[in-house]
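As a plain string of letters, each chain reads:
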Amino acid sequence: MALTTQRVDVPVIVDESKCLEKCNACIEVCPLDVLVKNPETGKAYMKYDECWFCLPCEKECPTNAITVQIPFLLR
Amino acid sequence: MTNTQQLKTDVLVVGGGTAGTMAAIKAKQANPEAEVLILEKANIRRSGAIAMGMDGVNTAVIPGNSTPEQYVREITIANDGILNQKAVYQTGKLGYEVIQELDSWGVKFQKDTYGNYDLKQVHRVGKYVLPMPEGKDLKKILTRQVKRHKAKVTNRVMATRVMVKDGRAIGAVGFDVRNGDFVVIQAKAVILCTGACGRLGLPESGYLYGTYENPTNAGDGYSMAYHAGAELTNIECFQINPLIKDYNGPACAYVASPFGAYTANAEGHRFVSCDYWSGQMMLEIWKELNSGKGPIQLKMTHLDEDTISEIESILWSNERPSRERFHESRGENYRTHGVEMHISEIGLCSGHSASGVWVNEKGETTVPGLYAAGDMASVPHNYMIGAFVFGRLAGTNAIEYVRDVEHLEPDIDWLAAEKARIYKPMQNPDGIPHTQVEYKLRRIVNDYLQPPKNTYKMDIALNKFINYHDTLDLMGAKDPHELMRCMEVHFIRDCAEMAARASLYRKESRWGLYHYRIDYPEKNNQEWFCHVNLKKEDNNMTLFKRPVEPYIVDVNLEKEVYDVKVTSK
Ligand SMILES: Cc1cc2nc3c(=O)[nH]c(=O)nc-3n(C[C@H](O)[C@H](O)[C@H](O)COP(=O)(O)OP(=O)(O)OC[C@H]3O[C@@H](n4cnc5c(N)ncnc54)[C@H](O)[C@@H]3O)c2cc1C
Ligand code: SF4
Ligand code: SF4
């Protein structure tokens, strides 16, 4: 199979300056399991574009680092 | 090399959403000594349909407002007579206790100044809607109770099959969606609570996960019950909802209509007399949209500022809170705009319509030791309270059942075959991505299976779904997360085949738009006043008629026809 990597606009934005390295809150609650930590920076980011825009990640973030946008296709 | 985890429990609950958390709590209440384990694909703290709470109870039968008999009658009429009344009666009878118990745990329901539950009328007849303006912490409260009752929880493990031996359920297998471990759980009874099949049709936006249902619920339980040999029923009675156009939440008349909002066409005229979701209502919406009088809208512009603010504060804090930013990004405001509504993608869900795994009034499926509850268990229009009630019934009855049975060893060859099936996409990491395989499958669903249904189209659909096994074999996964999505596509394919076969089998129209066939446009009680059930027999999907159980509440269906059409506009 021949594959390519395409750029996509993802709905979840993490403000890295606010994201705590020891925290995992958003990653633990996401029902779609689409958020992970960047092993190099220790900051959370959206790895998979599979979002229900349900907001638990945003609500549970202790520092308000997360903003969930409506996915581009629906906006 | 894949690591294998072996677990053992008395009662295994698959899916820790609304029904699953309640099933576990009730099983532990019934016998605190018994081992109860919840297996959850996500994290029970925020999983499933009520991950962000709920705006209200849709089907609350509260003494002084309605009776279980009235409720059974209303659902019998709304579901065109095809139901097991004894099961629906349970929701009417036990719902009040469920609400009281949730209340005692700290779940907030709306009360009047006298402290009584403050019910609203949304149904045609009777008050059943109980608002929960502060319903956002529902799932957190349930999680606390699961812990308090000492039920065990394994998060981030997705079940793929129920294990069956000697004709009874003996556990389940699955895998850890983060580390990829193969997980085998032996149990004396299994309760499936995996929610709806929400990823069957494709939303018009084209975004795979922009579905009405929580997209984690991909029909897992429908497929697992099918492969375990259980009967499924009413699969042709699709779930189709009136939603905000392009957004996956309701407009939402349940919240807004008690305040004076209503569903209207582009001219601002009412065309349905009742906002309670039904196939009949959806058919009126479909007709209106096709009559040139669309788009349709939820009209609120005539309400005063205080009322609109109150509606907004409810709609923007629970259930689907992202709707606020949806409207904002489009520059829409309830004061100046109607909320444009449209028809959702199709799905399978007993919580909203009637399609699911066959269960009786005890939550038992047709396979001994296998129970089902919630959106995947066929108790029509069951919604959230029905999920709690059947979670409770399944939990207590499973505890009763496990008293007299022992664990059975799973079959080694079967386990090896299932393991090979699950991990196949990992062996082929450069295979076709699940996103493309899923998109194509669900586009076929839209093109050929979406009502109005017709035989030619559905024959094509069925053929394509059968051949899609070969396409599934081409899928590749680079990590356990992608593997989860791949296995979900397998579930979706199974559900699509069931949906096509059941829809072809029932040669009449029923339930409004849910099963509207162009080639058989009329209801035919003579031949089709029955359930259409299906099950796996010798590796084939077999369909058959199952008679409707004798009624316990008399309803004259000749006289009482569910009709919500407004004729004088
Ligand atoms: C947007 C929305 C609004 C609604 N509004 C209302 C309302 O206002 N009032 C009302 O009464 N009802 C409402 N409902 C319906 C109600 O929420 C549902 O009927 C009810 O919550 C269903 O409960 P459930 O336990 O069947 O499913 P869920 O609560 O969704 O639970 C299913 C669980 O199974 C897990 N799971 C799925 N597959 C697997 C697997 N393979 N392995 C392990 N775990 C798995 C999921 O992660 C999830 O936790 C609404 C539903 C939705 C989607
Ligand atoms: S909005 Fe929901 S699905 Fe999207 S990342 Fe946050 S928790 Fe996950
Ligand atoms: S919850 Fe907030 S602080 Fe914690 S990991 Fe996520 S983004 Fe970072």
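Residues numbered from 1 in each chain as written. Chains lettered and ligands numbered in written order. Predicted model: local features only at pLDDT ≥ 70, side-chain atom pairs only at ≥ 80, totals over all residues. Heavy atoms only, no water.

With respect to the sheet that holds strand 16 (residues 530–537) of chain B
Residues and elements named next belong to chain B. Across the sheet, four strands lie side by side as 14-9-16-17; this open sheet has antiparallel pairing. Looking at the sheet topology across the chains shown, the edges are occupied by strand 14 (356–357) and strand 17 (540–547). Bridge count between strand 9 (residues 232–233) and strand 16: two bridges; the pairing is antiparallel. Counted as the bridge partner of T233 is N533 from strand 16. Here helix 14 (residues 480–505) sits on the sheet and contacts strand 9, strand 16 and strand 17; the angle it forms with strand 17, its principal contact strand, is near 45°. (Pairing = 2+ DSSP bridges. Helix = DSSP H or I, 4+ residues; strand = E, 2+ residues; numbered from the N terminus. Contact = heavy atoms within 4.5 Å. Axes fitted to C-alpha atoms, helices over the stretch in contact; angles between N-to-C directions.)

Re the site of ligand 2
If you check the shell around ligand 2, you find 13 residues, and the closest are C30, C51, C54, L55 and C57 of chain A. Its residues placed into classes, the shell around ligand 2 shows 13 nonpolar, no polar and no charged. (Near = heavy atom within 4 Å. Nonpolar A, V, L, I, M, F, W, Y, C, P; charged D, E, K, R; others polar.)

Some words on the site of ligand 1
All names here are of chain B. Lining the immediate surroundings of ligand 1 are 37 residues, of which T18, E40, G56, D220 and D375 lie closest. One nitrogen or oxygen atom from the main chain of K41 is found 3.1 Å from a nitrogen atom belonging to ligand 1. Summarising the interface, the protein chains cover 99% of the accessible area of ligand 1, which totals 1000 Å² for the free molecule. Of all the elements in the fold, those that place two or more residues in the shell around ligand 1 are helix 1 (18–30), strand 3 (56–57), strand 6 (157–165), helix 5 (220–227) and helix 10 (383–402). Looking at side-chain class alone, the shell around ligand 1 contains 16 nonpolar, 14 polar and seven charged residues. (Polar contact = N/O pair within 3.5 Å; in protein donor to acceptor, adjacent residues only side chain to side chain. Areas by Shrake-Rupley, 256 points an atom, 1.4 Å probe, with all protein chains shown as cover.)

Thoughts on the interface of chain B and chain A
Counting residues at the interface gives 44 residues for chain B and 30 residues for chain A. Between chain B and chain A, a total of about 3100 Å² is buried, with carbon and sulfur atoms accounting for 55% of that surface. Together, R46, Y207 and R325 of chain B form the three largest contributors to the area buried by chain B at its contact with chain A, with a combined 21%. Of the charged contacts in the structure, one is a salt bridge between D33 of chain A and R156 of chain B, with a shortest N-O distance of 3.8 Å. (Buried area = accessible area lost by both parts, 1.4 Å probe. Salt bridge = Lys/Arg side-chain N within 4 Å of Asp/Glu carboxyl O.)

Let's talk about the confidence of the model for chain B
The predicted coordinates ought not to be read in detail in places where the model reports low pLDDT. Chain-level pLDDT for chain B is 95 on average; 100% of the residues reach the 70-or-more range. Complex prediction metrics read pTM 0.97 and ipTM 0.98. (pLDDT = per-residue confidence, 0-100.)

Notes on the side chain of T76 of chain B
Residue and element names in this part refer to chain B. Within the secondary structure, T76 sits in helix 2 (residues 68–78). A polar side-chain atom of T76 sits 3.0 Å from a polar atom in the side chain of Q85. Once you skip the residues sitting within four places of it in the chain, T76 turns out to touch G81, L83, Q85, Y551, V555 and L557.

A look at the sheet that holds strand 12 (residues 296–299) of chain B
Two strands in a sheet stick together by hydrogen bonds in their backbones, pointing the same way (parallel) or opposite ways (antiparallel). All names here are of chain B. Spatial ordering of the open sheet is given by 10-13-12-11, a layout of four strands whose pairing is antiparallel. Each end of this open sheet is capped by a strand with a single partner; those strands are strand 10 (242–244) and strand 11 (262–264). For this sheet, the mean angle separating the axes of adjacent strands, direction not counted, is 40°. Pairing analysis gives three bridges linking strand 11 to strand 12, with the strands arranged antiparallel. Following the sheet pairing, A264 is matched in strand 12 by Q297.

A word on the environment of D55 of chain B
Residue and element names in this part refer to chain B. Of note, D55 is situated in the loop between strand 2 (36–39) and strand 3. On the accessibility criterion, D55 (5% relative accessible area) is buried. Beyond its immediate sequence surroundings of up to four residues, D55 is in contact with P131, M132, P133, V255, I314, L315, N318 and E319. (Buried < 20%, exposed > 50% of the residue type's maximum accessible area, 1.4 Å probe, protein only.)

Some remarks on the domain arrangement of chain B
All names here are of chain B. According to the domain assignment, chain B consists of domain 1 (242–343) and domain 2 (428–529). Each of domain 1 and domain 2 has a C-alpha centre, and these two points are 29 Å apart. Summed over both sides, the interface of domain 1 with domain 2 buries roughly 570 Å², with 80% coming from carbon and sulfur. By the criterion of area lost to domain 2, the three top residues of domain 1 are G279, L283 and W286, representing 67% of everything that side buries. Linking domain 1 to domain 2 there are zero salt bridges. In this structure, the connection of domain 1 to domain 2 is made through two residue pairs in polar contact (both at pLDDT 80 or more). The biggest single contributor to the side of domain 1 that touches domain 2 is helix 7 (residues 279–289), with five residues. Class assignment of the residues belonging to the side of domain 1 that touches domain 2 gives a composition of five nonpolar, three polar and no charged. (Domains from an automatic or database assignment.)

A few points about the state of the cysteines
Residues and elements named next belong to chain B. Enumeration over the complete set of coordinates arrives at zero disulfides over all chains. Just so you know, C530 is unpaired, no disulfide at all, and the nearest cysteine sulfur is the one on C237, 13 Å from it. In this structure C530 comes out as buried when scored by relative accessible area, which is 6%. (Disulfide = S-S within 2.5 Å.)

Quick look at the nonpolar core
Formed by 219 residues in total, the largest nonpolar core has its most connected members in L35 of chain A together with L200 and L449 of chain B. Considering each element in turn, this core owes the most residues, 14 residues, to helix 14 of chain B. Split by domain, this core shows at least three residues from each of two domains, domain 1 (242–343) and domain 2 (428–529) of chain B. If we skip the residues at most four places from it in the chain, L35 of chain A touches V12, C26, I27, C30, Y45, M46, C57 and I66 of chain A. (Core = buried A, V, L, I, M, F, W, Y, C linked by side-chain atoms within 4.5 Å.)

Some remarks on the side chain of R517 of chain B
Residues and elements named next belong to chain B. Considering the arrangement of structural elements, one finds R517 in the loop between helix 14 and helix 15 (525–528). Take R517: its relative accessible area is 1%, and that puts it in the buried class. Within the structure, R517 has its side chain in polar contact with the backbone oxygen of S503 (distance 2.8 Å). Filtering out sequence-adjacent residues up to four positions away, R517 remains in contact with K453, T455, M458, S503, L504, Y505, R506, K507, E508 and S509.

Brief notes about the packing of helix 3 (residues 85–104) of chain B against helix 10 of chain B
Helix-helix packing is characterised by the crossing angle of the two axes and by the distance between the axes. Residues and elements named next belong to chain B. Interhelical geometry of helix 3 versus helix 10 gives an angle of 95° and a closest axis separation of 8 Å. On the basis of their axis angle, the class for helix 3 and helix 10 is roughly perpendicular. Residues A87, Q90, T91, L94, G95, E97, V98, I99 and L102 of helix 3 lie in contact with helix 10, whose contacting residues are I385, G386, F388, V389, F390, R392 and L393. Residue composition of the contact of helix 3 with helix 10, grouped by class: ten nonpolar, four polar and two charged. (Parallel < 35°, antiparallel > 145°, perpendicular 65-115°, else oblique.)

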